[in-house]
Amino acid sequence: MDLCLYSLNGNCFYPSLEMVNPEIVLSGCNSHEEENRCSFNQHTSVSEELLLEDQMRRKLKFFFMNPCEKFWARGRKPWKLAIQILKIIMVTIQLVLFGLSNQMVVAFKEENTIAFKHLFLKGYMDRMDDTYAVYTQRDVYDQIIFAVNQYLQLRNISVGNHAYENKECFFVEPDEPFHVGTREENKLNLTLDFHRLLTVELQFKLKAINLQTVRHHELPDCYDFTLTITFDNKAHSGRIKISLDNDIAIRECKDWHVSGSIQKNTHYMMIFDAFVILTCLASLILCVRSVIRGLQLQQEFVNFFLLHYKKEVSVSDQMEFVNGWYIMIIISDILTIIGSILKMEIQAKSLTSYDVCSILLGTSTMLVWLGVIRYLGFFQKYNLLILTLQAALPSVIRFCCCAAMIYLGYCFCGWIVLGPYHDKFRSLNVVSECLFSLINGDDMFATFAKMQQKSYLVWLFSRIYLYTFISLFIYMILSLFIALITDTYETIKHYQQNGFPETELRTFISECKDLPNSGKYRVNGDPPVSLFCCCKK
């Protein structure tokens, strides 16, 4: 006689007699009807499990489809794709318009600084190295008197629209009478002790208005210039270096009333910026929703795999649910929104943070254009670059960390040994730039030729230093770096021809053979698929 145990859900089990507890009520399965019932319950349980697996495979396959395949699977419009295309156009136009405005601001700053050097530095001429110095005491006095007189006569000699601040202060050290007038009237009451003199600073304050923006249908900016002329004698070498530093602050022009087409143009630009913000908000919401759904599906798949296969999903498979492209788009949207708000404030002349705004808009536009690569990756011929970069990135990072140790060693050595004798090794930052240029083959002969030969030992060391660095990095490290990328490229090409190695996740999904247009991915509420969609294959 066969023994069967009936559980609460109706399933039938056949335990051995040793496993049966005497307290459990046993019933005999003598009839064919009861045997068929047990067999039916077992078959139903297996069918439900297969159905759950099939649903999970179909859900995962739909998640990893491209926008056109998702449209054919469920008839859902690719809103994220459409918004990204619209956002690329709008953000690029916004950046170009702001870039033209920022160019006017930068040009106004630079041209004013050059004009001040010619106005306040006696005998100044434009030079490539921008080094200006005097060597006699008389030249120092002449430079100071010339700068002060030029400042007092600025309105009569300057061709710009410069004006004085309301409050002006003169500080002269040491505390002795200082008479300012023409060169003939000045009796040179200022006395300097050059044996103890370290620095002399002259500070002037001026203001100006940038009328160039008005001609380009923008509201004008007002500028505050703080000029500092420094006579540097810290080295006491008989050479006093003179430098002019211009600290520029942009502020709102007060008591200016601009009307007409300029004001209307500003309003139109602010409306356009507001539309850019709304577009980026829509993109941000859609991408955040997709990231959240990906994390939810990841957790669902991990629990399903653990329950049915008694295995944990690997970290690499779990990371496939986190779409890095969406995260990059989210970052670009946040930067664009903040940058657009700053741009609107700048156009309204409430803020003047041109540099911050340009960094935000420039970075966001770069990320937006990089996001286009994601959609090119849906085509196999264009996907090669993305796959190569993705596969080579971990190896490249490890390789660069090792090469950086050698690079830093050469930087410190060159700075401490060659710094006193070579202009390109005076500071660590300059040394790093020089060595990086040498790696790319730039300006090699000039770097060798500019080495001073006052110390034969240092000159000989510089030759050994430069030859070993160039040989090591160009012929060995750089070649290995290129070989690393090339090897990854060849591996990816081989995979594209013969198939990629299957992970557990991809193997699990591949068992689902349903095509996107099979209709099996559709759920209640999905719109019908249009036969005239551009995505039709």
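Residues numbered from 1 in each chain as written. Predicted model: local features only at pLDDT ≥ 70, side-chain atom pairs only at ≥ 80, totals over all residues. Heavy atoms only, no water.

**Points about the overall build of the chain**
Working step 1: The number of helices and strands found in the chain is 15 helices and eight strands.
Working step 2: The 537 residues of the chain split such that 36% are buried.
Working step 3: Here the analysis covers contacts within the chain between residues at least 6 apart in sequence; of these, 69% occur between residues at least 24 apart. (Helix = DSSP H or I, 4+ residues; strand = E, 2+ residues; numbered from the N terminus. Buried < 20%, exposed > 50% of the residue type's maximum accessible area, 1.4 Å probe, protein only. Contact = heavy atoms within 4.5 Å.)

**Focus on the packing of aromatic side chains**
Working step 1: Counted by the stated rule, this structure contains 26 aromatic pairs.
Working step 2: Taken together, a centroid distance of 6.2 Å and an interplanar angle of 20 degrees make the contact between F98 and Y354 stacked. With F98 in helix α3 (residues 79-120) and Y354 in helix α10 (residues 354-376), this residue pair connects regions lying 256 residues apart in the sequence.
Working step 3: We classify Y354 as buried; its relative accessible area is 3%. (Phe/Tyr/Trp six-rings, centres within 6.5 Å; stacked < 30°, edge-to-face > 60°.)

**Things to note about the pairing of strand β6 (residues 199-210)**
Working step 1: By the bridge criterion, two bridges tie strand β5 (residues 163-164) to β6 in an arrangement that is antiparallel. Its bridge partner lying in β6, Y164 is registered against L206.
Working step 2: Here twelve bridges tie β6 to strand β7 (residues 221-232), and the two strands are oriented antiparallel to one another. Within β7, the position partnered with L202 by the bridge is I229. (Pairing = 2+ DSSP bridges.)

**Quick look at the side chain of T230**
Working step 1: Following the sequence through the fold, T230 ends up in strand β7.
Working step 2: Apart from residues no more than four positions distant in its own chain, T230 is found in contact with V200, E201, K241, I242 and S243.

**Focus: the sheet that holds strand β4 (residues 133-134)**
Working step 1: Pairing within the open sheet is antiparallel, and its five strands lie in the order β4-β8-β7-β6-β5. A single partner strand is all that each edge strand has here, and the edge strands are β4 and β5.

**Examining a nonpolar patch on the surface**
Working step 1: A cluster of nonpolar side chains, contributed by M405, I406, L408, F412, W415, I416 and L428, occupies part of the molecular surface with about 670 Å² of accessible area.
Working step 2: A per-element tally of the nonpolar patch places helix α11 (residues 383-418) first, with six residues.
Working step 3: Mapped onto the fold, F412 is located in helix α11.
Working step 4: Taking the relative accessible area as the measure of exposure, F412 reaches 45% and is therefore partly exposed. (Patch = residues over 30% accessible without salt bridge, like charges linked within 9 Å, V, L, I, M, F, W, Y side chains within 5 Å. Areas by Shrake-Rupley, 256 points an atom, 1.4 Å probe, with all protein chains shown as cover. Salt bridge = Lys/Arg side-chain N within 4 Å of Asp/Glu carboxyl O.)

**Some thoughts on the packing of α11 against helix α14 (residues 456-498)**
Working step 1: For the pair α11 and α14, the least separation of the axes is 9 Å and the interaxial angle reads 175 degrees. Of the possible angle classes, the one that applies to α11 and α14 is roughly antiparallel.
Working step 2: The class makeup of the residues in the contact of α11 with α14 is 28 nonpolar, seven polar and one charged. (Axes fitted to C-alpha atoms, helices over the stretch in contact; angles between N-to-C directions. Parallel < 35°, antiparallel > 145°, perpendicular 65-115°, else oblique. Nonpolar A, V, L, I, M, F, W, Y, C, P; charged D, E, K, R; others polar.)

**Description of the side chain of T447**
Working step 1: Tracing the backbone shows T447 in helix α13 (residues 444-449).
Working step 2: Within the structure, T447 has its side chain in polar contact with the side chain of K424 (distance 3.2 Å). (Polar contact = N/O pair within 3.5 Å; in protein donor to acceptor, adjacent residues only side chain to side chain.)

**Some points on the nonpolar core**
Working step 1: Core analysis: the biggest nonpolar cluster contains 45 residues, and F120, L192, F204, L206, I229 and F231 have the highest contact counts within it.
Working step 2: Elements with a minimum of two residues in this core: α3, α4 (137-152), β6, β7, β8 (240-251), α9 (324-347) and α10.
Working step 3: Those residues within four positions of F120 in sequence are excluded, and the remaining contacts are Q143, F146, A147, Q150, Y151, L154, F204, L206, L227, I229 and L244.
Working step 4: Counting residues in hydrophobic clusters, the runner-up holds 21 residues, among them L435, M451, V458 and F469. (Core = buried A, V, L, I, M, F, W, Y, C linked by side-chain atoms within 4.5 Å.)

**Let's talk about unusual backbone geometry**
Working step 1: At H236, a position not held by glycine, the phi torsion is positive, near 50 degrees.
Working step 2: Note that H236 resides in the loop between β7 and β8.
Working step 3: Residue classification places H236 among the partly exposed positions, given a relative accessible area of 39%.

**Thoughts on the pairing of β7**
Residues in a regular strand project their side chains so that they alternate between the two faces of the sheet.
Working step 1: Most of β7 is tucked away: ten of the twelve residues are buried.
Working step 2: Sheet topology note: the β7/β8 ladder contains eleven bridges and is antiparallel. Directly across from F231, in β8, lies its bridge partner I242.

**Some thoughts on helix α12 (residues 428-439)**
Working step 1: Counted at 1.5 Å a residue, the expected span for α12 with its twelve residues is 16 Å, and the 17 Å between its end C-alpha atoms agrees.
Working step 2: Every buried residue of α12 is listed here: V431, C434, L435, L438 and I439. Looking straight down α12, one finds its buried side chains confined to an arc of 140 degrees; they lie on one side. Of the residues in α12, the exposed ones pointing more than 90 degrees away from the buried face are N429 and F436.
Working step 3: The secondary structure elements touched by the buried residues of α12 are α11, α13 and α14. (Expected span 1.5 Å × (residues − 1). Arc of directions from axis to C-beta.)

**Let's talk about the pattern of salt bridges**
Pairing between side chains of opposite charge can happen when the charged atoms of each approach one another.
Working step 1: For the structure shown, the criterion picks out six salt bridges.
Working step 2: The shortest N-O distance in the salt bridge between K87 and D333 comes to 2.5 Å. One end of the pair, K87, is in helix α3; the other, D333, is in helix α9, and 246 residues separate them in sequence. D333 carries the same exposure label as K87, and that label is buried.

**Notes on the confidence of the model for the chain**
Working step 1: Considering every residue of the chain, the mean pLDDT works out to 78; 79% of them sit at 70 or more.
Working step 2: Note on residues 172-178: pLDDT is under 50 here. Beyond four places in sequence and across chains, it has twelve contacts. (pLDDT = per-residue confidence, 0-100.)

**Structural notes on the environment of K450**
Working step 1: Examined against the element boundaries, K450 turns out to sit in the loop between α13 and α14.
Working step 2: Note on K450: relative accessible area 49%, which makes it partly exposed.
Working step 3: Residues K450 and D423 lie 27 residues apart in sequence; the distance between their C-alpha atoms is 7.9 Å.
Working step 4: Not counting residues within four places of it along the chain, the set of residues in contact with K450 comprises Y421, H422 and K424.

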